[in-house]
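Residues per chain are reported as follows:
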Amino acid sequence: MPTVSDSCWALHDGAAGHRRQVLALAHALSPRVHEWALSTSAPWSWLAPHRLPGSGRAFGSEFLRSLGQPPALAIGCGRRAALATRLLGERGARTVQLLDPRMDPARWDVVVAPEHDGLRGANVITLCGSLNPVDDAWLQAGRAAFASLGELPSPRTVVLLGGPTKAVRFDRSAFEVMASRLEHWLAKSGGSLVVIGSRRTPPQLAQLARAYWADTPGLRWFDDSDGANPYAGALAWADRIVVSPDSVNMVSEACATPAPVYVAEPGRATGRVRLYLDELLRRGRIRALGKHAEAFDAQPLRETPRVADQVRQRLGG
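Each value, and the rule that gives it
- Residues numbered from 1 in each chain as written.
- Predicted model: local features only at pLDDT ≥ 70, side-chain atom pairs only at ≥ 80, totals over all residues.
- Heavy atoms only, no water.
- Helix = DSSP H or I, 4+ residues; strand = E, 2+ residues; numbered from the N terminus.
- Rg over C-alpha atoms; globule rule 2.2 N^0.38 Å.
- Buried < 20%, exposed > 50% of the residue type's maximum accessible area, 1.4 Å probe, protein only.
- Contact = heavy atoms within 4.5 Å.
- Areas by Shrake-Rupley, 256 points an atom, 1.4 Å probe, with all protein chains shown as cover.
- Lys, Arg positive; Asp, Glu negative; His and termini not counted.
- Charge placed at Lys NZ, Arg CZ, Asp CG, Glu CD.
- Disulfide = S-S within 2.5 Å.
- Expected span 1.5 Å × (residues − 1).
- Arc of directions from axis to C-beta.
- Pairing = 2+ DSSP bridges.
- Axes fitted to C-alpha atoms, helices over the stretch in contact; angles between N-to-C directions.

Caption draft 1: Region of the structure containing the overall build of the chain. When helices and strands are tallied, the chain shows 11 helices and 12 strands. In terms of C-alpha radius of gyration, the chain reaches 21 Å, essentially the compact-globule figure of 20 Å for 317 residues. Principal axes of the C-alpha set define a box for the chain whose edges measure 60 × 35 × 35 Å. In the chain, which comprises 317 residues, the share counted as buried stands at 52%. Contacts in the chain between residues at least 24 apart in sequence constitute 67% of all its contacts with a sequence separation of at least 6. When the accessible surface of the chain is totalled, it reaches about 14100 Å², and 50% of it is carbon and sulfur. Side chains of the chain give 38 positive and 30 negative charges; the mean places of these two sets differ by 4 Å.

Caption draft 2: Looking closely at the side chain of serine 192. As for its position among the elements, serine 192 is in strand β8 (residues 192–197). A relative accessible area of 0% means that serine 192 is categorised as buried. For serine 192, the residues in contact, after removing those within four places along its chain, are Leu152, Pro153, Pro155, Arg156, Thr157, Pro217 and Gly218.

Caption draft 3: Looking closely at the state of the cysteines. A complete count under the given rule lists zero disulfides for this structure. Summary of cysteine pairing: cysteine 77 is not part of a disulfide, and the nearest cysteine sulfur, belonging to cysteine 8, is at 13 Å. This cysteine, cysteine 128, is not joined by any disulfide, and cysteine 255 carries the nearest cysteine sulfur, 7.8 Å off. When its relative accessible area of 4% is taken as the criterion, cysteine 128 is described as buried.

Caption draft 4: Geometry of helix α10 (residues 271–283). An ideal rise of 1.5 Å per residue puts 18 Å on 13 residues; α10 measures up with 19 Å between its terminal C-alpha atoms. Of the residues making up α10, those classed as buried are Val273, Tyr276, Leu277, Glu279 and Leu280. Down the axis of α10, the smallest arc covering the buried residues is 155 degrees, so these residues share one side. With its phi angle positive at about 80 degrees, glycine 284 sits one or two positions after the end of α10.

Caption draft 5: Fine view of the sheet that holds strand β6 (residues 124–127). Pairing in this open sheet of six strands is parallel, and the strands run β2-β1-β3-β4-β5-β6 from one edge to the other. Sheet topology places β2 (33–37) and β6 at the edges, where each strand pairs with a single neighbour. With direction set aside, neighbouring strand axes in the sheet form an average angle of 20 degrees. For strand β4 (residues 94–98) and strand β5 (residues 110–114), the ladder comprises three bridges, and the chain directions are parallel.

Caption draft 6: Geometry of the sheet that holds strand β11 (residues 261–263). The strand order across the open sheet built from six strands is β9-β8-β7-β10-β11-β12, with neighbouring strands paired in parallel fashion. In this open sheet, the two edge strands, each paired with only one partner strand, are β9 (218–221) and β12 (286–288). Along the sheet, successive strands turn relative to each other by an average axial angle of 20 degrees, direction set aside. Taken together, the three bridges between strand β10 (residues 240–243) and β11 define a ladder with parallel strand orientation. In the strand pairing of β11, valine 243 is matched with valine 263. On top of the sheet, helix α6 (residues 172–189) reaches β7 (156–161), β8, β10 and β11; it is set at about 175 degrees to β7, its chief contact.

Shown next as structure tokens:
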């Protein structure tokens, strides 16, 4: 019987967060990873991962042909990918589905879901936060690729700036609260500020951040017009990290570093994001951003290798 490391397909719908998670686990499990960015249309896009007549055609002719030669392991992230992993499982692949597929998890060999999703089952592996590639080697590569960040004045404060979501109202007023508290930090300890936006950062918040810290040493990055994305280097060189409360992925990756992590007004979050932040506060891995930068000991929270080990055990590879 082939093992999980023989060949692996990583399937996602193109969403950055889904792609990052599925590739992190795939590369932790196998040296041979083939990535599929899946696109589909109605009715499959509406009903995935439910099966319909002709579902094999949902992702185009190339994927349909490839079903005849399934990999040893198929890992999917997101509802559309869950349909693809179901199809591959029916043809003999071992299947791992990331995030709650919103149907019986027994349809896959393993389902990996965040604790805050509340999904439980005999074949369900839970984790705190989200899967990501951040480990010592990843951070070392980030330091090497962006060595100039290491020349910035210490303490180097990295700010990961997201944007509003259904679960978190992170708007201009929230930004201004965060910025005023950071001003206290900078006034007291000096140093530098590296601010990195995400795809969800509204242009008005990006403009506000540029203007607010125009005279502060450091770097601002919001899109490709600012040059190469220094995200990996910023996490690697950070003395401390501040994260807006809207992104489980950003907080998870910050917490995978050895730096202390501060979340701006975690009480703004609702729903599952709030449950996740509350758990990190309970564990002592994050603190709420206050006017004073109270240092604390921080141990990297790295769930990807633990989850990969559990997947291997369950699949016998």
